[in-house]
Amino acid sequence: MKFYKLSCTLALCFLTYVGQAQNTKMNTFINSLMNKMTLEEKLGQLNLLTSGDAVTGSVVSTNVEKNIREGKVGALLNMTKVADIRKAQQLAVEGSRLKIPMLFGLDVVHGYKTTFPIPLALSCSWDMDMIERSAQIAATEASADGINWTFSPMVDIARDPRWGRIAEGSGEDPYLGSKIAAAMVKGYQGDLSKNYNILACVKHFALYGAAEGGRDYNTTDMSRVRMYNEYFPPYKAAVDAGAMTVMTSFNEVDGIPATANRWLMTDVLRKQWGFNGFVVTDYTAINEMINHGLGDLKTVSAQALHAGTDMDMVGEGFIGTLKQSLQEDKVTINEINIACRRILEAKYKLGLFDDPYRYCDVNRAKTEIYTAAQRQEARKGAAETFVLLKNQQNLLPLKKQGTIALIGPLADTRENMTGTWSVSADIKNIPSLREAMQKEVGSQVKINYAKGANLTADSMLEINSTMFGRSLHRDGRSAEELKKEALAVAAQSDIIVAALGESSEMTGEAASRADISIPDTQKELLAALLATGKPVVLVLFAGRPMTLTWENQHVPAILNVWFGGCEAGAAITDVLFGDATPSGKLTTSFPQLVGQIPVNYNHKNTGRPLAGNDKWFTKFRSNYLDVSNDPLYPFGYGLSYTTFSYSDVTLSGNALKAGGKITASVTLTNTGKTDGVEIAQLYIRDMVGSITRPVKELKGFQRIALKAGESKKVTFDITETDLKFYNSDLKFVAEPGDFKVFIGGNSRDVKEAAFKLQ
């Protein structure tokens, strides 16, 4: 044992020595380079322009080639072809004075060509290995096309489903969000030793998901206690996992837009969390501070630099104004040097100074992009994300026989399958649900198809909801004509599969909705299909929690398939026909009505909560007159084709001491006739605190595969760290006292036990 400890100590010392030597070498190189740089060339490193190949914002840069030759561009975004990227890099390293290579960034959010489900869907798998692997595949493919920087992961906590960008994140919970943030960073970056590792960019720092009214880009305001306990953890987890870049958010924090918020970018991010990478703005975020009312472009650019923002995305405020601000003593040369150094360090760590064309091998794309193996992983992963919301009388899985009516505006659209922020997907070559079903089961099942309805009655709303070439090809016939055709098809079929919900661009950036129900014409179609008396399965396409109270009351089976990526059609078919068993669990609570928002499981109690013996409605209690406080579907909820039971919770002790642990255990049994996967969830409640604490907090989870009839003991270790929170002094503490532990298949249906922290 002594020899082992000595060996570990020597190994650690060696690694420390190697790391210090590498840093010394890097610092020597960058010092030498910066001594040669003019002010304009330093400001050029702070300048991120767009090529215009992919559209992710409202501004496209001009004079890009000229600026590259003059050393005025540190990075480009939205260039997507390796041959073009190689030419652009050649301009920088052969055409500019100091030959400094550029970074090439893109929103590779949930896959590149091989597209995985949208991030909200991925989170519903609760499968960290699959999520990390999805990021690895995305990085491999993007790097094979010349890209070395992704603007992902998006880790904003979001509890308002009206906000369109809820589709890009991992839901409402900071613990689960933190686990996913770390997994994504590890998947993208690795250790940067290979040319298929790329820089990750954590976004949007900070609090973007708390936009008031669920309206994108809107004001955010909250206490710092809430920031630290509920919204900051996923950002910190990504930083702790090694993320080398961070993106600012559009919203304000404490009355100061994040991009100019020194407390956020310097005090929290760098001093408290130890982040040593560089900070990039979101698209034209510096310029937009003018509309916030902070001053003209010169003023807000200086404020952003002083705050600790290093790179200006597209707005050209830094390169256009900082020279004059330096002359006027509004900024210092030290601030410019620090920002420049951080960007050069990232390029050095990425290996671009050793080989500027490290990511420009034109042969890689032929064998590493959109391979059969990668698509198979996307298909399997997509099936894990689908959430079975209802399955009355075990209507699902369907039998591979008879005749199925496949009806709905989302049933035969390739453009809709991959979801928002799939900017690199070849959507025209991705099978629709109809095409995938016919391929997978067409020889055994007759499939009758009808569109049945347009996306919505409002043609302009449909145009706004199907941007970026995602048209659903609106049918010019009347709603009655479309419905009549669908009913005729239904009459010839044994069962109806209704593919309804949102279009892919009804969520994502600048896609907030005040009404989050299924659009009007589709709901009318669904009612007509139900009136036929035929069994109806609702296949729900969605990028957010939706209000489904009526659907839950009337539709016998509901499968939420989100937007499942390039293999969505095949994965949906797998689950519908039982070749895969649904195991997804919600990571966002579904409201009954939009007026309940925000509704999340980890809320605080009021001084007048509904007690266990209270019935809704109870006067002088915290409730609504017209609807209960409960969500329609709670956080962690999701059915399977089998059933599971949990025994009572057993604790290894009733007291936890500092430095020790308590083990909580249950026996989990598959009580059905089908093999399945259950996601067992551990929640804790701090019963008495120096500040108010949530009624439940997720602190652990496990994906457990069980054969029909099989039982397994599931254990969770609880330590003092699991009980810590930020108190009113923003100190991370665990306070002695009483706690409850809950274990179950969702946040509502749990078994509980009690213990003390001594």
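Thresholds, definitions, all that
- Residues numbered from 1 in each chain as written.
- Predicted model: local features only at pLDDT ≥ 70, side-chain atom pairs only at ≥ 80, totals over all residues.
- Heavy atoms only, no water.
- Patch = residues over 30% accessible without salt bridge, like charges linked within 9 Å, V, L, I, M, F, W, Y side chains within 5 Å.
- Areas by Shrake-Rupley, 256 points an atom, 1.4 Å probe, with all protein chains shown as cover.
- Salt bridge = Lys/Arg side-chain N within 4 Å of Asp/Glu carboxyl O.
- Helix = DSSP H or I, 4+ residues; strand = E, 2+ residues; numbered from the N terminus.
- Buried < 20%, exposed > 50% of the residue type's maximum accessible area, 1.4 Å probe, protein only.
- Lys, Arg positive; Asp, Glu negative; His and termini not counted.
- Polar contact = N/O pair within 3.5 Å; in protein donor to acceptor, adjacent residues only side chain to side chain.
- Contact = heavy atoms within 4.5 Å.
- Pairing = 2+ DSSP bridges.
- Phe/Tyr/Trp six-rings, centres within 6.5 Å; stacked < 30°, edge-to-face > 60°.
- Lys NZ or Arg CZ within 6 Å of the ring centre and 35° of its normal.
- Core = buried A, V, L, I, M, F, W, Y, C linked by side-chain atoms within 4.5 Å.
- Disulfide = S-S within 2.5 Å.
- Charge placed at Lys NZ, Arg CZ, Asp CG, Glu CD.

A few words on a nonpolar patch on the surface. A cluster of nonpolar side chains, Trp616, Phe617, Tyr624 and Leu625, forms an exposed patch at the surface whose accessible area comes to about 410 Å². Here Tyr624 shows up in the loop between α22 (568-576) and β17 (644-646). Overall, the relative accessible area of 31% leaves Tyr624 in the partly exposed class.

This next bit is on the side chain of Glu141. Following the sequence through the fold, Glu141 ends up in helix α6 (residues 128-144). There is no salt bridge for the buried Glu141, and the closest opposite charge comes from Arg375, which lies 7.7 Å off by N-O distance. Looking at Glu141, its side chain comes within polar contact range of the main-chain nitrogen of Lys113, at 3.0 Å. When near neighbours in sequence (up to four residues on either side) are disregarded, Glu141 contacts Tyr112, Lys113, Thr114, Glu368, Ile369, Tyr370, Thr371 and Gln374.

This part covers the pattern of salt bridges. Applying the stated criterion to the full structure yields 46 salt bridges. Between Lys298 and Glu328 there is a salt bridge; the shortest N-O distance is 2.9 Å. Within this pair, whereas Lys298 is found in helix α12 (residues 297-307), its partner Glu328 is found in the loop between α13 (317-327) and α14 (333-349), the two being separated by 30 residues in sequence. Here Lys400 makes a salt bridge to Asp579, at a shortest N to O gap of 2.8 Å. Separated by 179 residues along the polypeptide, Lys400 in the loop between β11 (387-391) and β12 (403-407) and Asp579 in the loop between α22 and β17 bring together distant segments of the chain.

Strand order in the open sheet formed by five strands is β19-β27-β26-β21-β22, with mixed pairing between adjacent strands. Looking along the sheet, the strands with just one partner apiece sit at the ends: β19 (655-656) and β22 (697-706). Pairing geometry for strand β21 (residues 676-686) and β22, over nine bridges, is antiparallel. Bridging from a neighbouring strand, Val677 pairs with Ala705 of β22.

Attention now goes to α12. One turn of the α-helix equals 3.6 residues, which is why residues spaced by three or four share an orientation. Residues of α12 that are buried: Val300, Ser301, Ala302, Ala304, Leu305 and Ala307. Against α10 (262-272), α11 (285-292), α13 and α14 lie the buried residues of α12.

Here Arg342 shows up in helix α14. Engagement of the side chain of Arg342 in a polar contact is seen with the side chain of Asp310, the distance being 2.8 Å. If we ignore the near neighbours within four places in the chain, the residues touching Arg342 are Arg270, Gly277, Phe278, Gly308 and Asp310.

Bringing helix α9 (residues 233-240) into the picture now. Along α9, the residues that are buried comprise Pro234, Tyr235, Ala237, Ala238 and Val239. On its buried face, α9 is in contact with α7 (174-189), β5 (199-205), α8 (224-231) and α10. Gly242 sits one or two residues past α9 and shows a positive phi near 105°.

Moving on to the packing of aromatic side chains. In the structure shown here, the tally under the stated rule is 27 aromatic pairs. On the numbers, 5.2 Å between centres and 85° between planes, the contact of Trp126 with Phe701 is edge-to-face. On the criterion of sequence distance, the pair formed by Trp126 in the loop between α5 (119-123) and α6 and Phe701 in strand β22 is long-range, its members being 575 residues apart. Accessibility assignment for this pair places Trp126 and Phe701 in one class, buried. Members of the aromatic cluster, each reached through a chain of ring pairs, are Phe205, Tyr228, Phe232, Tyr235, Trp263, Trp273, Tyr726 and Phe732. Across from the ring centre of Tyr112, 5.7 Å away, lies the NZ or CZ of Lys113, which sits over that ring. Over the ring of Phe725 we find Arg693, and its NZ or CZ is 4.1 Å from the ring centre.

Ordered in space as β9-β6-β5-β4-β3-β2-β1-β10, the eight strands form an open sheet in which the pairing is parallel. Across the chains shown, the open sheet's two edge strands, defined by having one partner strand only, are β9 (278-280) and β10 (312-313). Here strand β1 (residues 47-50) runs beside β10; their pairing, made up of two bridges, is parallel. Within β10, the residue paired with Asn47 across the bridge is Asp312.

Turning next to the nonpolar core. Core analysis: the biggest nonpolar cluster contains 212 residues, and Trp149, Phe205 and Phe232 have the highest contact counts within it. The element that contributes the greatest number of residues to this core is α6, accounting for nine residues. With residues up to four places along the chain from it excluded, the contact list for Phe205 reads Phe232, Tyr235, Val246, Met247, Thr248, Ser249, Ala258, Leu264, Met265, Val268, Leu269 and Trp273. Counting 25 residues, the second-largest nonpolar core is a separate cluster that includes Ile704, Ile718, Ala734 and Val741.

This part is about the environment of Pro519. Within the fold, Pro519 resides in the loop between β14 (495-501) and α20 (520-531). A sequence separation of 64 residues divides Pro519 from Leu455, and the C-alpha atoms of the two residues are 6.9 Å apart. When near neighbours in sequence (up to four residues on either side) are disregarded, Pro519 contacts Leu455, Thr456, Gly501, Met506 and Arg513.

Moving on to the state of the cysteines. Within this structure, the stated rule accounts for zero disulfides. Summary of cysteine pairing: Cys124 is not part of a disulfide, and the nearest cysteine sulfur, belonging to Cys566, is at 19 Å.

The next subject is a negative patch on the surface. Among the surface-exposed residues, Asp458, Asp515, Asp520 and Glu524 lie close enough to one another that they form a single negatively charged patch. With respect to the helices and strands, Asp458 occurs in the loop between β13 (446-450) and α18 (459-464).

So, on to unusual backbone geometry. With an omega of 10°, the peptide bond between Ser152 and Pro153 qualifies as cis. Its place among the elements puts Pro153 in the loop between β4 (149-150) and α7. The omega torsion of the bond from Ile597 to Pro598 falls at 0°, within 30 degrees of zero and hence cis. Inspection of the secondary structure puts Pro598 in the loop between α22 and β17. Positive phi is not limited to glycine here, since Leu207 has a value of about 75°. Examined against the element boundaries, Leu207 turns out to sit in the loop between β5 and α8. Backbone geometry places Gln393, a non-glycine residue, at a positive phi of 55°. Relative to the elements of secondary structure, Gln393 occurs in the loop between β11 and β12. Relative accessible area serves as the criterion here: at 75%, Gln393 is assigned to the exposed category.

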